[in-house]
Amino acid sequence: DSPFRRRPAAICKTDTAVYGIYRRSVFSEVGYFDERLARNQDMVMHFRLKTAGYTLLTHPDMEITYYVRNTLGRLLKKTFGDGKWVALAGRQYFRLRHKVPFLFVLYLTALLVIYVINGIWFSSIEAQAIVVVTTIPLLWYGILSILFSLKALCALWVRLLLAPLFFAFHVAYGIGTFCGYCQVLWERVILIVKCFSTDNPKPT
């Protein structure tokens, strides 16, 4: 739902900007990019800019040449890292679309559990109905993936590969976010343990 993904018809406001161009003076006001972040430094910067009252714009005439990862492994590694840093950078900087892959992975996990439980313990009509209903979102996802794949402006054999690639992309992103949340939780546990640590020597 960000305009820079969809070449708008006219200049429009956007929640973030790809390859943004900034006035030099804004850095004196809001600070520089956070170099502690391995990903999403621009998202954090744009959040600070908007908080300071600035507006981000997308111009339909702007064009760039972007060289993507040229192997599936590199793409998924990059996607995993993007998803992970959604969690590590801080939840306030990101919109719902950045967290949907994480919710998708949770849904797939729950769906797998339902399949396993249904296969082992349940055989009633009600149980089968639950399986069917919970599978509908996945079927809808598959239909949308195929439709958007066919709309792509590329060779037919490439379009046929896009639907499974969409799935792999979203799952890798969601798993990355899950791992990021686990890391954040673990770091907080370590911090709490340190706070309650009794390693300090008692006075004699």
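Just above, that's the structure.
Caption draft 1: Structural context of the overall build of the chain. Scanning the chain for helices and strands turns up six helices and two strands. Its helices and strands taken in sequence order, the chain reads β-α-α-β-α-α-α-α from the N to the C terminus. For 204 residues, the compact-globule formula gives about 17 Å, and the C-alpha radius of gyration of the chain, at 22 Å, lies well above that figure. The principal-axis extent of the C-alpha atoms belonging to the chain is close to 75 × 65 × 30 Å. The burial tally for the chain puts 28% of its 204 residues in the buried class. Summarising the internal contacts of the chain: among those between residues at least 6 apart in sequence, 66% fall at separations of at least 24. Within the structure as shown, the chain displays about 15,000 Å² of accessible surface, and the carbon and sulfur contribution to it stands at 66%.

Caption draft 2: A look at the nonpolar core. Ranked by size, the top nonpolar core spans nine residues in total: L37, M43, V44, W85, V86, A89, Y93, F94 and Y173. Contributing elements (two or more residues each) for this core: α2 (41-51) and α3 (72-89). The dominant element in this core, judged by the number of residues it contributes, is α3, at three residues. With residues near it in sequence (within four places) discarded, W85 still touches R36, L37, A38, R39, N40 and F94.

Caption draft 3: How the structure looks around unusual backbone geometry. Of note, the phi angle at N40 is positive, near 65°, even though the residue is not glycine. For N40, the location among the structural elements is in the loop between α1 (25-30) and α2. A relative accessible area of 14% places N40 in the buried class.

Caption draft 4: Local environment of the pattern of salt bridges. Counted under the stated rule, the structure contains four salt bridges. Close ionic contact of R36 with D34 constitutes a salt bridge, the shortest N to O distance being 2.9 Å. Look at D34 and you get buried, because its relative accessible area is 18%. Three or more residues are tied together by salt bridges with common partners; here these are R39, K78 and D82.

Caption draft 5: Spotlight on helix α5 (residues 125-151). Compared with the 39 Å implied by 1.5 Å per residue over 27 residues, the 39 Å span of α5 between its first and last C-alpha is a close match. Largest kink in α5: about 35°, centred on I136, with the proline P137 one to four residues after it. Among the residues of α5, those classed as buried are A127, V131, T135, Y141, S145 and S149.

Caption draft 6: Summary view of the packing of aromatic side chains. All told, the structure shown has eleven aromatic pairs when counted by the stated rule. Taking the centre distance of 5.7 Å and the plane angle of 70° together, the rings of Y22 and F27 count as edge-to-face. Residue Y22 is classed as partly exposed on the basis of its relative accessible area of 24%. Among the aromatic residues, those joined into a cluster by ring pairs are Y22, F27, Y32 and F33.

Caption draft 7: View of the packing of α3 against helix α6 (residues 156-195). Two elements in contact, α3 and α6, have axes whose closest approach is 6 Å; the angle formed by their N-to-C orientations is 40°. In terms of their interaxial angle, α3 and α6 are classed as oblique. For the crossing formed where α3 meets α6, the hand is right-handed. For the contact of α3 with α6, a count of residues per class yields 16 nonpolar, six polar and two charged.

Caption draft 8: Just the state of the cysteines, in detail. In total, this model carries zero disulfides according to the counting rule given. Of all cysteine sulfurs, the one in C182 lies closest to C179, which takes part in no disulfide; the gap is 6.2 Å. Residue C179 is classed as partly exposed on the basis of its relative accessible area of 31%.

Rules behind the numbers
- Residues numbered from 1 in each chain as written.
- Predicted model: local features only at pLDDT ≥ 70, side-chain atom pairs only at ≥ 80, totals over all residues.
- Heavy atoms only, no water.
- Helix = DSSP H or I, 4+ residues; strand = E, 2+ residues; numbered from the N terminus.
- Rg over C-alpha atoms; globule rule 2.2 N^0.38 Å.
- Buried < 20%, exposed > 50% of the residue type's maximum accessible area, 1.4 Å probe, protein only.
- Contact = heavy atoms within 4.5 Å.
- Areas by Shrake-Rupley, 256 points an atom, 1.4 Å probe, with all protein chains shown as cover.
- Core = buried A, V, L, I, M, F, W, Y, C linked by side-chain atoms within 4.5 Å.
- Salt bridge = Lys/Arg side-chain N within 4 Å of Asp/Glu carboxyl O.
- Expected span 1.5 Å × (residues − 1).
- Bend = angle between axes of the 7 residues up to and from the residue.
- Phe/Tyr/Trp six-rings, centres within 6.5 Å; stacked < 30°, edge-to-face > 60°.
- Axes fitted to C-alpha atoms, helices over the stretch in contact; angles between N-to-C directions.
- Parallel < 35°, antiparallel > 145°, perpendicular 65-115°, else oblique.
- Left-handed = near helix turned anticlockwise from the far one by under 90°.
- Nonpolar A, V, L, I, M, F, W, Y, C, P; charged D, E, K, R; others polar.
- Disulfide = S-S within 2.5 Å.

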